[in-house]
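Commentary on secondary and tertiary structure
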Amino acid sequence: MRSSLFEQGHQEVQATERFSQQNSQMLRVALGEDVLAVKGSMVAFQGEISFTHEGAGSAMKLLKKMVTAEDNPLMRVSGRGEVFFAHEAGYLFQVELTGDALSVNGRNLLAFDAGLQWDINRTKGAGIMAGGLFNTTLSGNGTVALCTVGQPVLLDCRQQPTFVDVQACVAWSSNLVPQVVNSMKMSSLVRGGSGEAFQYAFHGDGFVVVQPYEWKPPSTNTSS
């Protein structure tokens with residue numbers, strides 16, 4: 001049997017690292033310690049692996065998940081073997097946390113070491129019109145895998161104020177405290193805005209990751 005499918009570039013990549021990318025769009029995690037992943041992100045596994053629903057862990061975190069759009073259902077992946085993760089052919093990136101923290105748009109989160117701490121936080125100034133913006137903060141020592149739609153760009157926020165569309169923002173340094181600003185005049189909103197009225201405003205010693213795609217804002221139920 002012959003095919004370009006059997007070329008080296010398509011074969012499983014063997015690595016000693018716990019988290020290893022098979023290519024730009026697929027991640028392999030070698031289990032031993034558990035990993036938490038977004039439900040539906042597993043595409044294959046080898047070995048004796050189990051998948052269980054991961055609860056919020058506390059009443060406060062559960063309440064946050066219930067009232068925000070940041071409710072990415074997580075699963076705990078345990079056992080011995082390798083698990084392959086991907087999401088809609090998005091591009092994958094690993095971030096190694098070494099006692100520091102990262103704020104992530106929940107839609108861009110793929111998987112992370114179960115030993116990391118995580119919580120849901122509301123962005124300052126994000127009111128109802130901005131969609132009630134929330135993000136997931138991860139901290140500690142371990143690996144976080146992110147998934148972006150298209151190839152992202154990392155912007156340095158130290159030199160000047162940086163503004164990022166709230167639906168295109170992937171992640172940022174947790175020491176940065178973004179505020180939500182409205183660049184559209186009320187008259188424009190009444191007539192029908194461009195859909196890009198709200199941005200995160202960053203300025204300080206840190207970075208922000210932007211993808212070339214805008215998520216659709218979560219629907220808000222305003223009925224009583």
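Residues numbered from 1 in each chain as written. Predicted model: local features only at pLDDT ≥ 70, side-chain atom pairs only at ≥ 80, totals over all residues. Heavy atoms only, no water.

Focus on the pattern of salt bridges
On inspection of all chains with the given rule, the structure shows five salt bridges. With a shortest N-O distance of 2.9 Å, Arg 76 and Glu 54 are connected by a salt bridge. With Arg 76 in strand β5 (residues 74-85) and Glu 54 in strand β4 (residues 42-54), this pair connects stretches of sequence that are 22 residues apart. Arg 76 sits in the partly exposed class, given a relative accessible area of 23%. A salt bridge links Asp 156 to Arg 158; its shortest N-O distance comes to 2.6 Å. Among the charged side chains, a network of salt bridges with common partners joins Asp 34, Glu 54 and Arg 76. (Salt bridge = Lys/Arg side-chain N within 4 Å of Asp/Glu carboxyl O. Helix = DSSP H or I, 4+ residues; strand = E, 2+ residues; numbered from the N terminus. Buried < 20%, exposed > 50% of the residue type's maximum accessible area, 1.4 Å probe, protein only.)

Focus on the nonpolar core
Judged by nonpolar contacts, the single largest core of 18 residues is most densely connected at Val 104, Leu 109, Phe 112, Trp 118, Leu 138, Val 144 and Leu 146. Counting only elements with at least two residues in this core, the list comes to β3 (35-38), β6 (91-104), β7 (109-113), β8 (117-122), β9 (134-148) and β12 (169-173). Not counting residues within four places of it along the chain, the set of residues in contact with Leu 146 comprises Tyr 91, Leu 92, Phe 93, Val 95, Leu 102, Val 104, Asn 108, Leu 109, Val 170 and Ala 171. Counting residues in hydrophobic clusters, the runner-up holds 16 residues, among them Ala 37, Met 75, Val 77 and Phe 85. (Core = buried A, V, L, I, M, F, W, Y, C linked by side-chain atoms within 4.5 Å. Contact = heavy atoms within 4.5 Å.)

Notes on unusual backbone geometry
If you check the backbone angles, Glu 88 has positive phi at about 50 degrees while not being a glycine. Looking at Glu 88, the relative accessible area reads 70%, which means it is exposed. With a phi close to 60 degrees, Ala 89 is a non-glycine residue in the positive phi region. Mapped onto the secondary structure, Ala 89 falls in the loop between β5 and β6.

Describing the environment of Phe 112
If you trace the backbone, Phe 112 turns up in strand β7. Residue classification places Phe 112 among the buried positions, given a relative accessible area of 1%. Note: C-alpha distance between Phe 112 and Leu 146 (34 residues apart in sequence) is 8.8 Å. Not counting residues within four places of it along the chain, the set of residues in contact with Phe 112 comprises Phe 19, Val 35, Leu 36, Leu 74, Trp 118, Leu 138, Thr 143 and Val 144.

Observations regarding the pairing of strand β1 (residues 19-23)
Sheet topology note: the β1/strand β2 (residues 26-30) ladder contains four bridges and is antiparallel. Bridged to Asn 23 within β2 is Met 26. The hairpin turn running from β1 into β2, its antiparallel successor, is two residues long. (Pairing = 2+ DSSP bridges.)

Examining the confidence of the model for the protein
Looking at the protein, the pLDDT average stands at 85 and 79% of residues meet or exceed 70. Within the protein, strand β15 (residues 207-210) carries the highest mean pLDDT (98), whereas helix α1 (residues 59-67) carries the lowest (46). pLDDT under 50 marks residues 58-70. Its contacts with residues more than four places away, or in other chains, come to 22 contacts. (pLDDT = per-residue confidence, 0-100.)

Here we look at the packing of aromatic side chains
The geometry of two aromatic rings is summed up by the distance between their centres and the angle between their planes. Enumeration over the complete set of coordinates arrives at five aromatic pairs. Judged by centre distance (5.1 Å) and plane angle (55 degrees), the ring pair of Trp 172 and Tyr 200 falls under tilted. Placement of Trp 172 in strand β12 and of Tyr 200 in strand β14 (residues 198-202) is noted, with a sequence separation of 28 residues between them. One exposure class covers both Trp 172 and Tyr 200, and it is buried. The interplanar angle of 85 degrees and the centroid separation of 5.6 Å between the aromatic rings of Tyr 213 and Trp 215 together place this pair among those described as edge-to-face. (Phe/Tyr/Trp six-rings, centres within 6.5 Å; stacked < 30°, edge-to-face > 60°.)

Overview of a nonpolar patch on the surface
A cluster of nonpolar side chains, namely Met 1, Leu 5 and Phe 6, defines an oily patch on the protein surface of about 420 Å² accessible area. Tracing the backbone shows Leu 5 in the segment before β1. (Patch = residues over 30% accessible without salt bridge, like charges linked within 9 Å, V, L, I, M, F, W, Y side chains within 5 Å. Areas by Shrake-Rupley, 256 points an atom, 1.4 Å probe, with all protein chains shown as cover.)

Structural notes on the pairing of β2
Judged from the four bridges that link them, β2 and β5 form a sheet pairing that is antiparallel. Bridge pairing in β5 places Ala 30 opposite Glu 82.

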